[in-house]
Amino acid sequence: MNGKVFITDYIQTPDLESKILGNILTNQPSVDVEVLLVWHEIINQDYCKRFPNLKGVVRYGVGYDSLDLNYLAKNKIIACNTPDYGTDEVSDTAVSMITGIARGIYRYDNLARTFREDSWQENTIKSLKRNSETTIGFLGAGRIGGNAVLKCNSLKFKTAIYDPFKERGYEKLLNTMRVDELEELLSISEIISIHLPLNNDTKGMINESFISKMKHGSSIVNTARGAIVSDIDIFYDALKSGQLNSVYLDVLPEEPPKRSKLIDAWRNREDWLDGRLIINPHSAYYSKEAYYEMRTKAALNALRIIENKKPFNILSIP
């Protein structure tokens, strides 16, 4: 095998990849490179022109919005992602956020700092409901969304899915309810959990209009892609007015976040937010085991392309 595999970015010590790829892994871009292993790099015509013999691109993670799939397909370059490494980690994060909202855990932590000794236990959040009386609406029910549905079912939440791309009857596999219109999901759900890919149809779909159709006092959890939200500040007035109870995010439209009304309020720990806005640094994918699995599966897929075997998780076929 004369072809080489090149890691475009982020991985500084490719020990796992070296064990799998051996001397076909190179640390230099060259005309011998046939496969790219990609973390955050934008893979488009400008980037690819330095690799005239490129046969394949493998993304380490699930999302592939950084790959120009049209260009890759047009130029007979196979594109793959690695969607099957952190399903439990991301779904566990979503369910943790859902239960945090449903039981008021983060709000209580914030509010309890000012409670008096003579009324400590009496300071309850009156709007909290029993899990079995709370509907979680899942926007997208693929690997991660479907996994989260099953976990919420085990916690006795009511669950519903909106996913027109899943076959009829799939909801029975998940023991959940299917709705056929997005507006219906928004109207019945106390918490909306987002599990969508980022594409032309989903980019910016969470906007002011979307929020206005949600139940008053409901909440949003997003562990999918940040740019599905049109702008972080759409949540500011909605949280202030009570249209939204809580917004819990693992991903943001811009990462790291730039200054804005909502981000400034969050950084300053303004009292009115009182645990209603939780932001994680795009970390839901991570555990030691998932990180190992992701890198190993991506490297093995790169090897399949070098060996002229059909790779897994193909996004575009030349």
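Before reading on, note that the structure itself is shown above.
Here's a quick rundown of the structure. (Residues numbered from 1 in each chain as written. Predicted model: local features only at pLDDT ≥ 70, side-chain atom pairs only at ≥ 80, totals over all residues. Heavy atoms only, no water.)

**As for the overall build of the chain**
Applicable threshold: Only runs of H or I of at least four residues qualify as helices and only runs of E of at least two qualify as strands under DSSP, and these elements are numbered from the N terminus. Only protein chains enter the calculation, and the probe is 1.4 Å; a residue is then buried if its accessible area is under 20% of its type maximum, exposed if over 50%, and partly exposed in between. Throughout, a residue-residue contact means that at least one pair of heavy atoms, one from each residue, lies within 4.5 Å. For the accessible areas, the method is Shrake-Rupley and the probe is 1.4 Å, while residue cover comes only from the protein chains on display. Only four residue types enter the tally: Lys and Arg on the positive side, Asp and Glu on the negative side; His and the chain ends are excluded. For the purpose of locating charges, the reference atoms are NZ of Lys, CZ of Arg, CG of Asp and CD of Glu.
The secondary structure content of the chain amounts to 12 helices and 13 strands. In the chain, buried positions account for 51% of the 318 residues. Taking contacts inside the chain between residues at least 6 apart in sequence as the whole, the part at least 24 apart equals 65%. When the accessible area of the chain is evaluated, it comes to approximately 16400 Å², of which 48% is carbon and sulfur surface. For the chain, the separation between the mean place of its 40 positive charges and that of its 41 negative charges on side chains is 3 Å.

**Details of the side chain of T176**
We apply this condition: Throughout this description, a polar contact denotes any pair of N or O atoms lying within 3.5 Å of each other; where both atoms belong to protein, one of them has to be capable of donating a hydrogen while the other can accept it, and for residues adjacent in sequence the pair is counted only when both atoms sit in side chains.
Mapped onto the fold, T176 is located in the loop between α7 (170-174) and β8 (177-178). Separated by 3.4 Å, the side chain of T176 and the backbone nitrogen of A160 make a polar contact. Not counting residues up to four positions away in its chain, the partners in contact with T176 are V149, T159, A160, I161 and E171.

**Overview of the sheet that holds strand β13 (residues 314-316)**
Our working rule: Two strands pair under a simple rule: DSSP has to find at least two bridges between them. Only C-alpha atoms enter the line fits that serve as axes; for helices the fit covers just the stretch in contact. Angles between N-to-C directions range over 0 to 180 degrees.
If you walk across this open sheet you meet the six strands as β2-β1-β3-β4-β5-β13, and the pairing is mixed. Looking along the sheet, the strands with just one partner apiece sit at the ends: β2 (25-26) and β13. Where strand β4 (residues 56-59) meets strand β5 (residues 78-80), three bridges bridge the pair, whose relative direction is parallel. Opposite V58, over in β5, you have C80 as the bridge partner. Sheet strands in contact with helix α12 (residues 288-306) are β1 (4-7), β3 (33-38), β4 and β5, and its direction is about 160 degrees off that of β3.

**Notes on the nonpolar core**
Cut-off, in case you're wondering: What makes a nonpolar core is a set of buried Ala, Val, Leu, Ile, Met, Phe, Trp, Tyr and Cys residues whose side-chain atoms join them at distances within 4.5 Å.
In terms of nonpolar packing, the biggest core is built from 36 residues, with I206, F210, I220, F235, L244 and L262 touching the most fellow members. Mapped by element, the contributors of at least two residues to this core are β7 (158-162), α8 (182-188), β9 (191-194), α9 (208-212), α10 (234-241), β11 (244-249), α11 (261-267) and β12 (277-279). It is α10 that contributes the most residues to this core, five residues altogether. If sequence neighbours within four positions are ignored, F210 has contacts with L139, L182, L186, I192, M205 and I220. Core analysis: the second largest hydrophobic core is formed by 22 residues, L25, V35, W39 and I306 among them.

**Digging into the pattern of salt bridges**
Where charged atoms from two side chains of opposite charge approach closely, those side chains can pair. Definition in use: A carboxyl oxygen of Asp or Glu within 4 Å of a side-chain nitrogen of Lys or Arg is what we treat as a salt bridge.
This model, assessed by the stated rule, comprises 18 salt bridges. Between E34 and K55 there is a salt bridge, with the nearest N and O atoms lying 3.5 Å from each other. Placement of E34 in strand β3 and of K55 in the loop between α2 (45-48) and β4 is noted, with a sequence separation of 21 residues between them. You can call K55 partly exposed: its relative accessible area is 24%. The partner of R113 in a salt bridge is D109, and the shortest N-O contact between them spans 2.6 Å. Salt bridges sharing common partners tie together D15, E17 and R295.

**So, α12**
We apply this condition: One less than the number of residues in a helix, times 1.5 Å, gives the span that helix is expected to have.
Here α12 is 19 residues long and its end C-alpha atoms lie 28 Å apart, about the 27 Å a rise of 1.5 Å per residue gives. Next to the buried residues of α12 lie β1, α1 (15-21), β3, β4, β5 and α4 (87-102). A positive phi of about 60 degrees marks N308, the residue just after α12.

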